[in-house]
Amino acid sequence: MIETIESFHIDFHQLIENSLNSIFILGEEGKIYYCNKASLKLLKLTSFEEILHNSLYNFIPTYIHVVCKERLNNVLHKQQAIDYIEAQMIRKDGEIIDVEVKTTPLKMGEEYYAQVVIQDITNRKLAMRLLHEKERLASLGQMAASIVHEVKNPLTTVKGFLQLLKRDHPHEYLNTVDSELDKALSILHSLLFVSKPDLLEEPLLEIDVSKKIESTVLLFQDKQDYVNLILDIKDAGRKIEGKRNSLLKAFFNLIKNAIEAISEKGTITIEHYYQNGWIHVKVTDTGIGVAEEQLRMLGTPFFSTKEKGTGLGLTQVYATIYDHGGDICVQSELGKGTTFHVKLPTK
Ligand SMILES: Nc1ncnc2c1ncn2[C@@H]1O[C@H](COP(=O)(O)OP(=O)(O)OP(=O)(O)O)[C@@H](O)[C@H]1O
Ligand SMILES: [Mg+2]
């Protein structure tokens, strides 16, 4: 047993080598002179040869190169420490991760180098974003639930009296009133369920998402004349724990939107693969795309640009994915197409 810290020799090299933080020593142009084991793990590399004497920029998305170069120059030439910045890095397998970076100058001999400590904050950022999204949907859900409650009761009374009216004073217009009233009631029902998915008491089952996608695609066979539907399924057989009907409906809504976005001929590609504990599903269409100012509206109840759309399809999708502990993001370009990227956690 060690009595005091002075009583034994601290092996500083071991301390850094086995540190839980990723530590790099960089020179001009981001050249890597040293990195520890945690750095290899961070970037999913297997050997030091893959990284030493390379530039760290090879592992950083190009859109932040300019900022990184400016900061590195400040560290190397002006000896300015950089307290904390958030950035992104690219792993060997292509996955992009969010990182927190601290940099400080390090003098070795006559030269200055940059000591860089990097921490993976992908999960923390994801958790914060999901919490924010969940809160947004939960407050919308509560509002929707109370509106549904207030509006449904009087409408149900109207429906009752309408039946009496139809019996005592039949008139052809009354059938139209009746069917429109039914539509209104059914929208209220769907709003209630999509806004509060936990109301749907579906059992949790082991689900192979790839199978659900395959069966959903079958429902769109009649569209094959003008829409080329491509299925790219990898890692079939991986299971998640989820609610079968909710997930089927979510994929149905995504594919339906993709089809509706294609006015003449086009292609829809549906990819399924497993990566690092998540099942990924990407639905990409070559349709009309979404305008940038409308992107943040997606998922909001009743947001629709379609003449007959309810604007509840994506609300159901977002609510279901979040209910499963997953994440969804969208990329789109007007006139080119849209990709919805869904991630669902495996057990
Ligand atoms: N793949 C897509 N391409 C282009 N726009 C899309 C796509 N998916 C959704 N949108 C836009 O998002 C809006 C909301 O979609 P959502 O599915 O919630 O409702 P909707 O499709 O309009 O109506 P409903 O789903 O009830 O038929 C759409 O009206 C459309 O403007
Ligand atoms: Mg829709």
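Just so you know, these numbers come straight off a predicted model, no measurement behind them.

## A short note on the site of ligand 1
With respect to spatial proximity, 21 residues lie near ligand 1, and among them Lys256, Ser304, Thr305, Lys306 and Thr310 are the closest. Between ligand 1 and the protein, one listed contact pairs an oxygen atom with a side-chain N or O atom of Thr310 at 2.4 Å. Within the side chain of Thr338, one N or O atom sits 3.5 Å away from a nitrogen atom of ligand 1. Isolated, ligand 1 exposes 590 Å² of accessible area, and the fraction of that covered by the protein chains is 93%. Counting only elements with at least two residues in the shell around ligand 1, the list comes to α7 (244-260), α9 (313-323) and β12 (337-345). Tallying contributions element by element places α7 first for the shell around ligand 1, with four residues. Residue composition of the shell around ligand 1, by class: eight nonpolar, nine polar and four charged.

## Section: the nonpolar core
Among the nonpolar cores identified, the biggest contains 36 residues, and Val209, Ile268, Ile270, Val281 and Tyr318 are the most heavily contacted of them. Top contributing element to this core by residue count: α7, with seven residues. Non-local contacts of Ile270, meaning those with residues more than four positions away in its chain, are made with Ile213, Val217, Leu229, Ile230, Leu231, Asp232, Ile255, Val281, Lys282 and Val283.

## Considerations on the state of the cysteines
Throughout the structure, instances matching the rule amount to zero disulfides. Lacking any disulfide linkage, Cys68 is separated from the closest cysteine sulfur, that of Cys35, by 17 Å. What makes Cys68 buried here is its relative accessible area of 19%.

## Here's the deal with the pairing of strand β9 (residues 266-275)
The two faces of a sheet get side chains in turn, since along a regular strand they alternate between them. The sheet contact formed by strand β7 (residues 227-233) and β9 spans seven bridges and is parallel. Residue pairing in the sheet places Asp232 in a bridge with Glu271 of β9. Bridge count for β9 against strand β10 (residues 278-285) is eight bridges, and the pairing is antiparallel. Bridged to Glu271 within β10 is Lys282. Linking two consecutive strands that pair antiparallel, namely β9 and β10, is a turn of two residues; a positive phi of about 45° is found at Asn276 within it.

## Here's the deal with the pattern of salt bridges
Side chains that differ in charge, positive against negative, can pair when their charged atoms come close. One pass over the structure, following the stated rule, counts 18 salt bridges. A salt bridge links Lys256 to Glu260, with the nearest nitrogen and oxygen atoms 3.3 Å apart. Note that Lys256 and Glu260 are positioned in helix α7 at a spacing of four residues, about one turn of the helix. Judged by its relative accessible area of 32%, Lys256 is partly exposed. The class for Glu260 is partly exposed, based on a relative accessible area of 39%.

## Observations regarding the environment of Val342
Tracing the backbone shows Val342 in strand β12. Between the C-alpha atom of Val342 and that of Trp278, which follows or precedes it by 64 residues, the distance is 9.6 Å. When neighbours within four sequence positions are excluded, Val342 is seen to be in contact with Leu254, Ile279, His280, Val281, Ile321, Asp327 and Ile328.

## Topic: the packing of aromatic side chains
What the rule picks out here adds up to three aromatic pairs. Taking the centre distance of 5.3 Å and the plane angle of 80° together, the rings of Tyr33 and Tyr113 count as edge-to-face. You can see Tyr33 sitting in strand β2 (residues 32-35) and its partner Tyr113 sitting in strand β5 (residues 111-120), a full 80 residues away along the chain. Taking the relative accessible area as the measure of exposure, Tyr33 reaches 39% and is therefore partly exposed. Stacked on the ring of Trp278, the Lys or Arg Lys343 has its end atom at 4.6 Å from the ring centre.

Criteria and thresholds
Residues numbered from 1 in each chain as written. Chains lettered and ligands numbered in written order. Predicted model: local features only at pLDDT ≥ 70, side-chain atom pairs only at ≥ 80, totals over all residues. Heavy atoms only, no water. Near = heavy atom within 4 Å. Polar contact = N/O pair within 3.5 Å; in protein donor to acceptor, adjacent residues only side chain to side chain. Areas by Shrake-Rupley, 256 points an atom, 1.4 Å probe, with all protein chains shown as cover. Helix = DSSP H or I, 4+ residues; strand = E, 2+ residues; numbered from the N terminus. Nonpolar A, V, L, I, M, F, W, Y, C, P; charged D, E, K, R; others polar. Core = buried A, V, L, I, M, F, W, Y, C linked by side-chain atoms within 4.5 Å. Buried < 20%, exposed > 50% of the residue type's maximum accessible area, 1.4 Å probe, protein only. Contact = heavy atoms within 4.5 Å. Disulfide = S-S within 2.5 Å. Pairing = 2+ DSSP bridges. Salt bridge = Lys/Arg side-chain N within 4 Å of Asp/Glu carboxyl O. Phe/Tyr/Trp six-rings, centres within 6.5 Å; stacked < 30°, edge-to-face > 60°. Lys NZ or Arg CZ within 6 Å of the ring centre and 35° of its normal.

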